[in-house]
Amino acid sequence: MGIAMQSTTRDARLAIELRALDKRFAGGRGVRALDLEVQTGEVFGFIGPNGAGKTTTIRAMLGLSRRSSGEAKVLGVDLERASADERRDALARVGYVPSEPGVYERQSVRDVLAFLGALHGGETRARRDELCERLDLDPARRADELSLGNKKKLALVAAMQHRPALLVLDEPSNGLDPLVQRTLFDLLREERSRGATVFFSSHVLSEVERFCDRFALLRDGALARVLTADELLRSKQRRVRAEFTPSGVEASALVALSGRRPDRDGRVEFVTDAPMRAVFDAVAEDVREGRLADVTVDHPSLEELVLDEYQSTARREVKAS
Amino acid sequence: MNTTATQPLRAARSQAATIATNELSLSVRSLLAWSLPVAAMLSMTLSIQKSMSQRGSLFEAKLAMLPREMRAAFGIAQTNLADPVHYLATNFTFYSLIGALFAALIGAAIATREANQRVSEMLYTHPIERSTALAAKSAAGLAVVVGFDAILLATSALAYTAAGVSVGRATAFVSVFAGAALVHATVFSLSLLAGVSATRPRSASSLALGATFALYGCGVLARVSDKLSWLEHLSPFSYADAAAIATRGHLAPKSIALLAATFALLALAQVRFARRDIDA
């Protein structure tokens, strides 16, 4: 059978493989020179602000849109260039949740899910019923009357009802209430323990940080950074929060180290990869001179790292211009 | 883990059947909403054929007083109200246009349904080829469009029977509807092509309706003016004119061009659809 034969001709460790992926649009936006590898069984977070190219990347790698150049393989198969059989075999093992899922009008949730499940050819009903129950989705409701959150649930059930080897989720928790979000992440943990790979983009960086093994940061269509959860913890970067006395702000060594201007209340917050010795020296000098009212130095969260990454790049661009 | 069926061909057939069934279930309401009122109107028109034929000579004389161009434009140049098939053909131009508008809407809707309802991404990341999906959707659409004409054929036959009219020339009678079905299939395919090519899917229906009126207009202009007679080659309505079929008794050999055009347009739609980005 196709799947078994293909696995011998590809690197089975990689669930997703992007090489110099380029997707250009007439308007100019897109993604450029994207290199990315996602290991089988990994939970991978894809982070970036609106318009960074997350959805464009996902669509190009899933063969929904034609890439301008480069390579993209999903479960070892180039979905744009593979034969029909190879593509079908690969897609039978993929589940995808779009960022803004729609539904067929004038059909019930049950009908839409049964239709999509039938495309997989196998038995999906029991799993579908279980997922609907756990996500609190009423199968009897008309699909076009669902709220955004319920449409998202429908898309999640459609993506998971055939127990895929790879789940690609574009903003999966967007529109879901906190209780359902928790159920979603429970389900994703179960998928992961089953051996499935999970690739998801999100704006909620705290959930990415909590859930993912690795993260990729995308900015303006290019990969800014890829790091693991361990790297995040072992990062030499530190988050510094300091509050200064009114007279101490101007001469502060810590302010000079941050390269930032304190706010009106004399507070400054920044992420730095300067040696700890330099940070402590600056803190010590400010304490000695009575400039510092309060200071905290700790590990930055992923959100802070990401914000710092973007703000630093933006500052570099302003300086360069 | 789930895998696809062991027989790729069987799997593709099963998927095509799933897509076609889904498409039929989504289109059947439109079919009934369009065909039943039209069938009722046509039945009422046909049920008075007997009385019209009794006063036929007076009515035909009145029609003959109309300018030739007007009679040509409305397909009433050759009137013989005493003959049920001719009577049907005289009235059929209007119904054929309605059928073409329905076919245009169905073609555009089928091509753009997933994009308009934002389910394209979800559908085409399932293990189904775009070509299989579009072929299945096209087959379902053609079935709906031809179903429109089949419903008109059945109700027309019933109306004549109920009114005690013997059609007599059964081949000619069926050929009028077969000709209309060919025209509608061509319009459907053109609209499908317009739908898969449209950069803004929501505008596809307007585009398809506009194109249908334009093609119909070409047929009318070709009949009205000798100088514009070449326009008949552009209009599918000219290839299966009901009045000409009623006179001839069967479809003209040139109507085979409609079948060829239908397949060519469907093939073009496949090529276009395979190359476009799916982004909704």
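Numbering of residues begins from 1 in every chain and follows the order in which that chain's sequence is written. Each chain gets a letter, beginning with A, and each ligand a number, beginning with 1, in the order they are written. Side-chain atom pairs in this predicted model are given and counted only at pLDDT of 80 or more, local residue features only at pLDDT of at least 70, and totals for whole chains, interfaces and linings cover all residues. To obtain the side-chain values, all non-hydrogen atoms of the structure were included, while hydrogens and water were left out.

**What about the overall build of chain A?**
Selection rule: Each helix corresponds to a stretch of at least 4 residues labelled H or I by DSSP, and each strand to a stretch of at least 2 residues labelled E; elements are numbered beginning at the N terminus. Remark: exposure states derive from per-residue accessible area (1.4 Å probe, protein chains only) relative to the maximum for the residue type, with buried under 20%, exposed over 50%, and partly exposed in between. What makes two residues a contact is simply this: any of their non-hydrogen atoms within 4.5 Å.
When its secondary structure is counted, chain A shows 12 helices and 12 strands. Taking the principal axes of its C-alpha atoms as reference, chain A extends roughly 75 × 40 × 40 Å. When the 321 residues of chain A are sorted by exposure, 54% land in the buried category. Counting only contacts in chain A whose residues sit at least 6 apart along the sequence, the fraction spanning at least 24 positions is 70%.

**Things to note about the overall build of chain B**
Applied cut-off: As defined in this context, the radius of gyration uses C-alpha atoms, and a globule is described by 2.2 Å times the residue total to the power 0.38. Only the protein chains shown count as covering a residue, and every accessible area follows the Shrake-Rupley method with a 1.4 Å probe. All tallies of charge rest on Lys and Arg as positive and Asp and Glu as negative; His and the ends of each chain are not included. Think of each charge as sitting on NZ of Lys, CZ of Arg, CG of Asp or CD of Glu.
Counting its secondary structure elements, chain B contains 12 helices and zero strands. A globule of 280 residues ought to have a C-alpha radius of gyration of about 19 Å, and chain B, at 21 Å, matches this closely. Taken over the C-alpha atoms alone, chain B extends approximately 75 × 45 × 30 Å along its principal axes. When burial is assessed residue by residue, chain B has 52% of its 280 residues classed as buried. The contacts in chain B between residues at least 6 apart in sequence include a share of 79% that link residues at least 24 apart. Summing over all exposed atoms, chain B offers an accessible surface of approximately 12100 Å²; the carbon and sulfur share of this is 67%. Of note, chain B has its 22 positive side-chain charges centred 2 Å away from the centre of its 13 negative side-chain charges.

**A look at the packing of helix α6 (residues 148–160) of chain A against helix α7 (residues 178–193) of chain A**
For any two helices packed against each other, one specifies the inter-axial angle together with the distance between the axes. Residue and element names in this part refer to chain A. To be explicit about the condition: Working convention: axes come from line fits to C-alpha atoms, limited for helices to the stretch in contact. Angles between N-to-C directions cover 0 to 180 degrees. Working rule for angles: under 35 degrees goes down as roughly parallel, over 145 as roughly antiparallel, 65 to 115 as roughly perpendicular, anything else as oblique. Residue polarity follows a fixed list, in which Ala, Val, Leu, Ile, Met, Phe, Trp, Tyr, Cys and Pro are nonpolar, Asp, Glu, Lys and Arg are charged, and the others, Gly among them, are polar.
The interhelical angle for the contact between α6 and α7, taken along N-to-C directions, is 10°, at an axis separation of 12 Å. In terms of orientation, α6 lies roughly parallel with respect to α7. Seen from α6, the contacting residues are K153, L156 and M160; seen from α7, they are V180, L184, L187, L188 and E191. Looking at the contact of α6 with α7, its residues break down into six nonpolar, no polar and two charged.

**Side note on the interface of chain B and chain A**
Short version of the rule: The buried area of a pairing is the accessible area, by a 1.4 Å probe, that goes missing from both parts when the two are put together, added over both. By convention in these notes, a salt bridge is any Lys or Arg side-chain nitrogen within 4 Å of a carboxyl oxygen on Asp or Glu. For this analysis, a polar contact is any N or O atom pair within 3.5 Å, provided that within protein one partner can donate a hydrogen and the other can accept it, and provided that sequence-adjacent residues contribute only side-chain to side-chain pairs.
Facing the 37 residues of chain B at the interface are 43 residues of chain A. Of the roughly 3700 Å² buried where chain B meets chain A, counting both sides, 55% is carbon and sulfur surface. Remark: the boundary between chain B and chain A carries four salt bridges. For the salt bridge of R59 of chain A with E121 of chain B, the shortest nitrogen-to-oxygen distance reads 2.8 Å. The tally of links from chain B across to chain A stands at 16 residue pairs in polar contact (both at pLDDT 80 or more). Looking at the side of chain B that touches chain A, the elements that each hand over two or more residues are α1 (8–47), α5 (84–116), α6 (120–124) and α12 (256–275) of chain B. At nine residues, the largest contribution of residues to the side of chain B that touches chain A is made by α1 of chain B. Of the residues in the side of chain B that touches chain A, the class split is 15 nonpolar, 11 polar and 11 charged.

**Quick look at the side chain of T212 of chain B**
Residues and elements named next belong to chain B. If you trace the backbone, T212 turns up in helix α9 (residues 204–224). Residue T212 is classed as buried on the basis of its relative accessible area, which comes to 2%. If we ignore the near neighbours within four places in the chain, the residues touching T212 are A100, L101, A104, V187 and F237.

**Notes on helix α8 (residues 170–197) of chain B**
We count it as follows: A helix's residues, less one, multiplied by 1.5 Å, set its expected span.
The terminal C-alpha atoms of α8 of chain B lie 41 Å apart, and with 28 residues this matches the ideal 40 Å at 1.5 Å per residue to within 8%. Burial runs high along α8 of chain B: 22 of the 28 residues are buried.

**Regarding the pairing of strand β10 (residues 238–244) of chain A**
All names here are of chain A. In plain terms, the rule: Whether two strands pair depends on DSSP finding at least two bridges between them.
Summarising burial for β10: five of the seven residues are buried, a large majority. Pairing analysis gives six bridges linking β10 to strand β11 (residues 267–272), with the strands arranged antiparallel. Following the sheet pairing, V240 is matched in β11 by F270. Pairing of β10 with strand β12 (residues 292–298) involves six bridges; the strand directions are antiparallel. The residue bridging E243 from the neighbouring strand is D294, located in β12.

**Here we look at the sheet that holds strand β9 (residues 222–228) of chain A**
Residues and elements named next belong to chain A. Read from one edge of the open sheet, six strands run β5-β6-β7-β3-β8-β9, paired in mixed fashion. Each edge of the sheet is formed by a strand with only one pairing partner; in this case those strands are β5 (94–97) and β9. Averaged over all adjacent pairs, the angle separating strand axes in this sheet is 15°, with direction ignored. Both strand β8 (residues 214–219) and β9 contribute to a ladder of six bridges, which runs antiparallel. Bridged to R214 within β9 is T228.

**Examining the pairing of β8 of chain A**
A regular strand places its side chains on the two faces of the sheet in alternate fashion. Residues and elements named next belong to chain A. Of all six residues that make up β8, six are buried, and the element is covered over most of its length. By the bridge criterion, four bridges tie strand β3 (residues 43–47) to β8 in an arrangement that is parallel. Following the sheet pairing, G45 is matched in β8 by F215. The hairpin formed by β8 and β9 contains two residues between the paired strands, and D220 there has a positive phi angle of roughly 50°.

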